[in-house]
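Survey of secondary and tertiary structure
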Amino acid sequence: MLAALHPSGWPRGQRMGLNKSMGCTIPCLIFLAASLLHVHVHSDDDSLGEGFINIDCGLPDGSSYLDEKIGLNYTSDDGYIDTGENHNISAEYNAHELLRSSLNLRSFPNGGRNCYTLSPATAGLKYLVRATFMHGNYDGKERDLIRSPLVFDVYMGLHFWDRIYVNSSTTIYVAEAIIVAAVSSVSVCLIDIGRGTPFLSSMEMRKMKSSLYPAAMHNQSIALQERHSLGASSLVR
């Protein structure tokens, strides 16, 4: 479900368990089906690769790979940010049916604001931006999450996007929005609010058709509020 929102008030992002499935009403089904069709259309006439960024955060510098499970190429985030630390999730969680991009992450123990610069982008064009967060007990503090959840903010440039609450090391948390780029790049920032170290597992950006989601304009973005699985037993991309 997508909600039209001004940049100063975006809701909490999607939280998605590894094997969680939820129901949905018929109107929701119709709307979701239309939304999924829209998300897979990348641009009016561009090739698939243009305006299509897949970043695996925490991957060794200069690395890339094809995730055969979903058919997408991922690259290291070293070309998009120059702060933070690379980590792998705990080996005990590698056996889960995870996306490959969830096996490592970049954390930001220093600095109150650390930003990714997603480029190239074209001012005035519409993009879908998706960030995922999988803790995976990378720092050995899994038990602390239950007693005191990790909390940090995500901003799109200077505007608040989402507040991420992490109380499970095996849950994939997702923040997703559709925006209109103001300049030739899109800035996504993780903000330390004093409640634990921010981290990020992956970042994706997709160019959208200008006719899709008319509620997304230069002065207003829309954010994903929730998405439901309609009985699927495996990953739906």
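Residues numbered from 1 in each chain as written. Predicted model: local features only at pLDDT ≥ 70, side-chain atom pairs only at ≥ 80, totals over all residues. Heavy atoms only, no water.

- An unreviewed UniProt entry lists the protein under the name Malectin-like domain-containing protein, from Aegilops tauschii subsp. strangulata.
- A UniProt comment under Subcellular location (unreviewed entry) is attached to the protein, and it reads "Membrane". (UniProt positions renumbered as here; feature names shortened; annotations may be inferred.)

1. Some details on the confidence of the model for the protein
- Summing up the model confidence of the protein, the mean pLDDT is 81 and the portion of residues at 70 or higher is 76%.
- Of the regions scoring below 50 in pLDDT, residues 3–49 engages in 98 contacts with residues more than four places distant in sequence or in other chains. (pLDDT = per-residue confidence, 0-100. Contact = heavy atoms within 4.5 Å.)

2. Notes on the sheet that holds strand S6 (residues 85–88)
- With respect to topology, 3 strands assemble into an open sheet ordered S6-S7-S14, the strand pairing being antiparallel. For this open sheet the edge positions go to S6 and strand S14 (199–200), each flanked by a neighbour on one side alone.
- Both S6 and strand S7 (residues 104–107) contribute to a ladder of 4 bridges, which runs antiparallel. Directly across from Glu-85, in S7, lies its bridge partner Ser-107. (Pairing = 2+ DSSP bridges. Helix = DSSP H or I, 4+ residues; strand = E, 2+ residues; numbered from the N terminus.)

3. Topic: the packing of aromatic side chains
- Applying the stated criterion across every chain yields a total of 7 aromatic pairs.
- Ring centres of Tyr-65 and Tyr-74 lie 5.8 Å apart, and the angle between their planes is 15°; this geometry places the pair in the stacked category. An identical accessibility class is assigned to Tyr-65 and Tyr-74; each is buried.
- For the pair Tyr-155 and Phe-160, a centre-to-centre distance of 5.7 Å together with 85° between the ring planes defines the contact as edge-to-face.
- Taking relative accessible area as the criterion, Tyr-155 reaches 21% and is therefore assigned partly exposed.
- By the ring-pair criterion, three or more aromatic residues cluster together here, those being Phe-133, Tyr-138, Phe-152 and Phe-199.
- Stacked on the ring of Tyr-65, the Lys or Arg Arg-100 has its end atom at 3.8 Å from the ring centre.
- Sitting over the ring of Phe-52, Arg-206 keeps its end group 3.9 Å from the ring centre. (Phe/Tyr/Trp six-rings, centres within 6.5 Å; stacked < 30°, edge-to-face > 60°. Buried < 20%, exposed > 50% of the residue type's maximum accessible area, 1.4 Å probe, protein only. Lys NZ or Arg CZ within 6 Å of the ring centre and 35° of its normal.)

4. Some words on unusual backbone geometry
- Residue Ser-119 is joined to Pro-120 through a cis peptide bond whose omega torsion reads 5°.
- For Pro-120, the location among the structural elements is in the loop between strand S8 (113–118) and strand S9 (126–134).
- Although it is not a glycine, Asn-137 adopts a positive phi angle of roughly 55°.
- On the secondary structure map, Asn-137 appears in the loop between S9 and helix H2 (142–147).
- One non-glycine residue with positive phi stands out, namely Tyr-213, at about 50°.
- Secondary-structure assignment places Tyr-213 in the loop between strand S15 (202–208) and strand S16 (221–224).

5. Looking at the pairing of strand S12 (residues 172–180)
- Burial analysis of S12 places 9 of its 9 residues in the buried class, the great majority of the element.
- Of the two faces of S12, the one lined by Ile-172, Val-174, Glu-176, Ile-178 and Val-180 and the one lined by Tyr-173, Ala-175, Ala-177 and Ile-179 are each fully buried.
- Inspection of the sheet shows S9 paired to S12 by 9 bridges, in the antiparallel sense. Looking at S12, one finds that Thr-132 is bridged to Val-174.

6. Concerning the environment of Ile-164
- Tracing the backbone shows Ile-164 in strand S11 (residues 159–166).
- With 26 residues separating them in the primary sequence, Ile-164 and Leu-190 have C-alpha atoms 9.9 Å apart.

7. Notes on the state of the cysteines
- Inspection of the entire model under this criterion finds 1 disulfide.
- Residue pairing for Cys-115: its cysteine sulfur links by disulfide to Cys-189, the two sulfurs lying 2.0 Å apart. Across the disulfide from Cys-115 to Cys-189, rotation about the S-S bond amounts to roughly 105°, and the bridge is consequently right-handed. With Cys-115 in strand S8 and Cys-189 in strand S13 (residues 186–195), this pair connects stretches of sequence that are 74 residues apart.
- Residue Cys-189 is classed as buried on the basis of its relative accessible area, which comes to 0%. (Disulfide = S-S within 2.5 Å.)

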